[in-house]
Amino acid sequence: MGEMKATAIAHPNLALIKYWGKMDEVQLLPMNGSISVTLDSYFTKVTVEFSDAYDKDIATINGNEIPENTMTRLVKHLDRIRSLSGVKLKARGEAQINFPIGAGLASSSSGFAALTLAASTAAGMNLNKKELSILSRQGSGSSSRSVYGGFVEWLKGSSSEESYAAQIKDEKWWPELKDIAIVVSTSARKVDTRGGMKIAKDTSPYYSSWLENVSRDLESMRKAINDKNFTLLGKIAERNSLMMHGTAISSTPPLIYWVPETVLIMQDVLKMREDGIECYFTLDTGANIHILSMDRDVKRINERIEATGVAKSIGINGAGSGAEIIDKHLF
Ligand code: DP6
């Protein structure tokens, strides 16, 4: 048998309508559908090699050892791929990530999409995009969407075969739309995403309102994307994110992912709107925050954010492409 090695690139995606709560915690089936935009300048590259040279799975991210709980998730995912492909060998994996990790910037979405594509290819499987999305979903839900570029919807489905992502519009559809990702804190959150969405689903009295509202938001978001209606996209994305956080803060224990700097940026976004700069915010399970805007306003928004003095880093992304195999291996 030839070399069992492959390398893939995938981009993280930003949820415009959030995936929040699981119907099935083993298969990672979501309680609700979600919509995202795959980003362009942030990326994760992953090389995977199966070989009898390894007596256990080993992996690094940017050359560093991987924390135990993440490693457990990776090994489980490799086990899934081994059982589907019939490959029994252990693997070496290496990931390169060009954006802040574990900062609520969706590193698991690009990480698992790239890992799934690289490992399944190295194992000799030739999965189509739908199959890739289903398999990737089982590693981390949001990664099902990073298989595709542009604007993507994860259809919730009621079984594993039905729960996968599909493209709404490709990455060339709306070049004016930008995401300004602002890191205000690099310290680890107390409750991770997986734990947080379970606590919110199980304990927030607002969780049922979240579910009632989300189907309306999905419909509005599809329309906003199809019509390139930025005002609608921004308003719905911002409110959807706040509704998700509404369930989080009303959980037992309360999940407050924000730090003062997060709120400062939120207030600044509202102020910018009053000042005639149209922009909206959205945030996931962390203190860091994304500002959605049109290309023409990015420079002005950047200046305003810089002036607050709270941004540790700022990353600008447009819509990017889906997961792909690349030739150049990382090792
Ligand atoms: C708040 O995909 O990281 O970012 O499926 O447990 O791995 P697991 O969770 P993950 O959840 C992402 C949740 C979110 C919203 C979103 O990206 O849709």
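Residues numbered from 1 in each chain as written. Predicted model: local features only at pLDDT ≥ 70, side-chain atom pairs only at ≥ 80, totals over all residues. Heavy atoms only, no water.

At their nearest, the axes of helix α1 (residues 68-85) and helix α2 (residues 107-122) sit 10 Å apart, and the two run at 35° to each other. Every pair of crossing elements has a handedness; the one defined by α1 and α2 is right-handed. When α1 is examined against α2, the residues R73, L74, H77, L78 and I81 are found in contact with a partner set consisting of F112, L115, T116, A119 and S120. Split by residue class, the contact of α1 with α2 holds six nonpolar, three polar and one charged. (Axes fitted to C-alpha atoms, helices over the stretch in contact; angles between N-to-C directions. Helix = DSSP H or I, 4+ residues; strand = E, 2+ residues; numbered from the N terminus. Left-handed = near helix turned anticlockwise from the far one by under 90°. Contact = heavy atoms within 4.5 Å. Nonpolar A, V, L, I, M, F, W, Y, C, P; charged D, E, K, R; others polar.)

Looking at the assigned domains, one finds that the chain contains domain 1 (5-172) and domain 2 (177-317). Averaged C-alpha coordinates put domain 1 and domain 2 at centres separated by 23 Å. Residue-level contacts link 31 residues of domain 1 with 41 residues of domain 2. Both sides together, the interface formed by domain 1 and domain 2 hides about 3200 Å², and carbon and sulfur atoms give 65% of it. (Domains from an automatic or database assignment. Buried area = accessible area lost by both parts, 1.4 Å probe.)

Taken together, 16 residues surround the ligand, and among them Y19, K22, S140, S142 and R194 come closest. G141 is positioned such that a nitrogen or oxygen atom in its backbone is 2.7 Å from an oxygen atom of the ligand. Compared with its free state, where it exposes 460 Å², the ligand has 95% of that area covered by protein. No other element matches helix α5 (residues 193-203), which puts three residues into the shell around the ligand. Across the shell around the ligand, the residue classes break down as five nonpolar, five polar and six charged. (Near = heavy atom within 4 Å. Polar contact = N/O pair within 3.5 Å; in protein donor to acceptor, adjacent residues only side chain to side chain. Areas by Shrake-Rupley, 256 points an atom, 1.4 Å probe, with all protein chains shown as cover.)

Further remarks concern the packing of α1 against helix α3 (residues 129-139). Relative to each other, α1 and α3 sit at 145°, their axes nearing to 9 Å. As for how α1 packs across α3, the hand of that crossing is right-handed. For the pair formed by α1 and α3, the contact residues are R73, H77, R80, I81 and L84 on the first element and L135, S136, Q138 and G139 on the second. Residue composition of the contact of α1 with α3, grouped by class: three nonpolar, four polar and two charged.

What helix α9 (residues 298-308) keeps buried is the set V298, I301, N302 and I305. Seen from one end, α9 has its buried residues packed into an arc of 100°, which puts them on one side. In α9, the exposed positions that point more than 90 degrees away from the buried face belong to K299 and A307. Where α9 is buried, its residues meet β12 (177-183), α8 (260-274), β13 (279-282), β14 (289-294) and β15 (313-317). Phi turns positive, to about 75°, at G309, one or two residues after α9. (Buried < 20%, exposed > 50% of the residue type's maximum accessible area, 1.4 Å probe, protein only. Arc of directions from axis to C-beta.)

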